[in-house]
Amino acid sequence: MSPLPFNMALMQFLADHRTVFLTRFFHAATFFGDFGGYILVATLIYVAWNKQLAIRLSVLVLLASSLNGVLKLIVKNPRPFIREGTYLSKWAVSPQGAAALATEYSTPSGHAMASSAFYSYLYACAGNRYVRVIAIMAIVLIGVSRPYLGVHYAEDVLIGWAIGLSVALLWIRYAEAICAAWSRLSYTQQIGIAVAASLALWLLTIAVNGWRIDGQPREALVSAGFLTGIVIARPLELRMVNFDPRSSNAAAKTLRYLLSIAMVIGALLFLDMAFGMIPGKFAMLGSMLQYVRFTAAGIVSIFLAPLLFTRIGLAKSMPIGAN
């Protein structure tokens, strides 16, 4: 497929006029549109403010990311400077980042799409005007960071914003009905649906990707895995822990936030090291273990971390059934 006729002159202009300060600034901005950035924000909301909101934000951004992966494979528009072969010098990213991004397509921007979905929903649910200002700034800065760093066309960002906002509006309208229908399913049914949907998404992305498992299909397993972890962990937390995110003082909230982040990072690093021992010829198995890795991270974040910090007195539990 031929590349879409997007504004390459603008990309060249941005590449030629970067400054050290702006590059560092937009690296920081783009981080909050990465998987790690959403973990930091959603975990803060989960452990210190509103568990239900954090879960819904997490599910929304994971669904938006999964949809983005499918759309990229359908559109198949190369990233800027890929066809010219100059992306290593034109992209303001690390060599490791460039190697990963070069295997993925450009349209629509995943950062713009996921951030507009996530932060638009946060804007709609937050009554605090400062949180709303931060949400708007996050959408704008994350989106703008992508063309500045050279990895997306401006048109990718505009399309991503439009789709992400549309997804958020649908979520705002139908979230209650969807959650009510979901709660009527048994725990076993919920897990079965999550695993089956993850497998279907993976196979779909592989098929659309020309039966290659690298690039976008592998990225799909990150979202699918963490979403499966939430499906497994959320009922366990409500039944066995049911911590109160508003309990305790600011110091305790800070400590449980740091503990939660450390546990998730630790789980990801440990499993990455353990699974990294598998020979490269077992690529299919390695991809499936990527799914297991992020499923485990979701379970740690939603269930095991709260279980620990209630046991050590960093949070109080609510009566089972309270929310």
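Here, the structure is the one placed above.
Residues numbered from 1 in each chain as written. Predicted model: local features only at pLDDT ≥ 70, side-chain atom pairs only at ≥ 80, totals over all residues. Heavy atoms only, no water.

### Details of the overall build of the protein
Here comes step 1: Scanning the protein from terminus to terminus reveals 13 helices and 0 strands.
Here comes step 2: In the protein, the succession of α and β elements from N to C terminus is α-α-α-α-α-α-α-α-α-α-α-α-α.
Here comes step 3: Taken against the 2.2 N^0.38 rule, which gives 20 Å for 323 residues, the C-alpha radius of gyration of the protein at 20 Å falls within 12% of a compact globule.
Here comes step 4: Based on the C-alpha atoms only, the size of the protein along its principal axes is roughly 60 × 45 × 35 Å.
Here comes step 5: A buried classification covers 47% of the 323 residues belonging to the protein.
Here comes step 6: For the protein, restricting intrachain contacts to residue pairs at least 6 apart in sequence, the fraction spanning at least 24 positions comes to 82%.
Here comes step 7: Distance from the positive charge centre (25 side chains) to the negative charge centre (12 side chains) of the protein: 8 Å. (Helix = DSSP H or I, 4+ residues; strand = E, 2+ residues; numbered from the N terminus. Rg over C-alpha atoms; globule rule 2.2 N^0.38 Å. Buried < 20%, exposed > 50% of the residue type's maximum accessible area, 1.4 Å probe, protein only. Contact = heavy atoms within 4.5 Å. Lys, Arg positive; Asp, Glu negative; His and termini not counted. Charge placed at Lys NZ, Arg CZ, Asp CG, Glu CD.)

### Brief notes about the environment of Pro319
Here comes step 1: Mapped onto the secondary structure, Pro319 falls in the segment after α13 (283–311).
Here comes step 2: According to the relative accessible area criterion, Pro319 is exposed, its value standing at 59%.
Here comes step 3: As for Pro319 and Leu238, which are separated by 81 residues in sequence, their C-alpha atoms are 9.4 Å apart.

### Overview of the packing of helix α7 (residues 110–125) against helix α8 (residues 129–149)
Here comes step 1: Axis separation between α7 and α8 bottoms out at 9 Å; the angle between their running directions is 175 degrees. On the basis of the axis angle, α7 is roughly antiparallel to α8. Between α7 and α8, the contacting residues are His111, Ser115, Ser116, Tyr119, Ser120, Leu122, Tyr123 and Ala124 on the first element and Val131, Arg132, Ala135, Ile136, Ala138, Ile139, Ile142 and Arg146 on the second.
Here comes step 2: Residue composition of the contact of α7 with α8, by class: 10 nonpolar, 4 polar and 2 charged. (Axes fitted to C-alpha atoms, helices over the stretch in contact; angles between N-to-C directions. Parallel < 35°, antiparallel > 145°, perpendicular 65-115°, else oblique. Nonpolar A, V, L, I, M, F, W, Y, C, P; charged D, E, K, R; others polar.)

### Description of the pattern of salt bridges
Here comes step 1: In the structure shown here, the tally under the stated rule is 3 salt bridges.
Here comes step 2: Residue Arg56 is joined to Glu176 by a salt bridge in which the shortest nitrogen-to-oxygen separation is 2.9 Å. Taken together, the residues span a long stretch of sequence, with Arg56 in helix α4 (residues 51–75) and Glu176 in helix α9 (residues 154–183) at a distance of 120 residues.
Here comes step 3: Residue Glu176 is classed as exposed on the basis of its relative accessible area, which comes to 53%.
Here comes step 4: With a shortest N-O distance of 3.3 Å, Arg79 and Glu104 are connected by a salt bridge. Of the two residues, Arg79 sits in the loop between α4 and α5 (87–90) while Glu104 sits in the loop between α6 (95–101) and α7, which places them 25 residues apart along the sequence. An identical accessibility class is assigned to Arg79 and Glu104; each is buried. (Salt bridge = Lys/Arg side-chain N within 4 Å of Asp/Glu carboxyl O.)

### What about the packing of aromatic side chains?
Here comes step 1: Under the definition given, this model contains 13 aromatic pairs.
Here comes step 2: Ring geometry for Phe6 versus Tyr153: centroids 5.5 Å apart, planes at 70 degrees, classification edge-to-face. Residue Phe6 is located in the segment before α1 (8–16), and its partner Tyr153 is located in the loop between α8 and α9; the two are separated by 147 residues in the primary sequence.
Here comes step 3: Ring centres of Phe21 and Phe25 lie 6.4 Å apart, and the angle between their planes is 20 degrees; on these two criteria the pair is classed as stacked. (Phe/Tyr/Trp six-rings, centres within 6.5 Å; stacked < 30°, edge-to-face > 60°.)

### Some thoughts on the side chain of Thr310
Here comes step 1: Secondary-structure assignment places Thr310 in helix α13.
Here comes step 2: In terms of polar contacts, Thr310 uses its side chain to reach the backbone carbonyl oxygen of Leu307, at 2.9 Å.
Here comes step 3: Ignoring any residue separated from it by four or fewer positions in sequence, one finds Thr310 in contact with Val241, Phe243, Ala315 and Ser317. (Polar contact = N/O pair within 3.5 Å; in protein donor to acceptor, adjacent residues only side chain to side chain.)

### Digging into α9
Here comes step 1: With 30 residues, α9 should reach 44 Å at 1.5 Å per residue; the first-to-last C-alpha distance of 40 Å fits that figure.
Here comes step 2: Approximately 60 degrees is the largest bend angle found in α9, and it occurs at Tyr174.
Here comes step 3: Here α9 has its buried residues at Asp156, Val157, Gly160, Gly164, Val167, Ala168, Trp171 and Ala175.
Here comes step 4: Its buried side turned inward, α9 meets α4, α7 and α8. (Expected span 1.5 Å × (residues − 1). Bend = angle between axes of the 7 residues up to and from the residue.)

### Quick word on α1
Here comes step 1: Regarding α1, the residues found buried are Met11, Leu14 and Ala15. Down the axis, α1 shows its buried residues gathered within 100 degrees of arc, on one side only.
Here comes step 2: Measuring from the backbone nitrogen of Ala9 back to the side-chain oxygen at the start of α1 gives 3.2 Å, which picks out Asn7 as the cap. (Arc of directions from axis to C-beta.)

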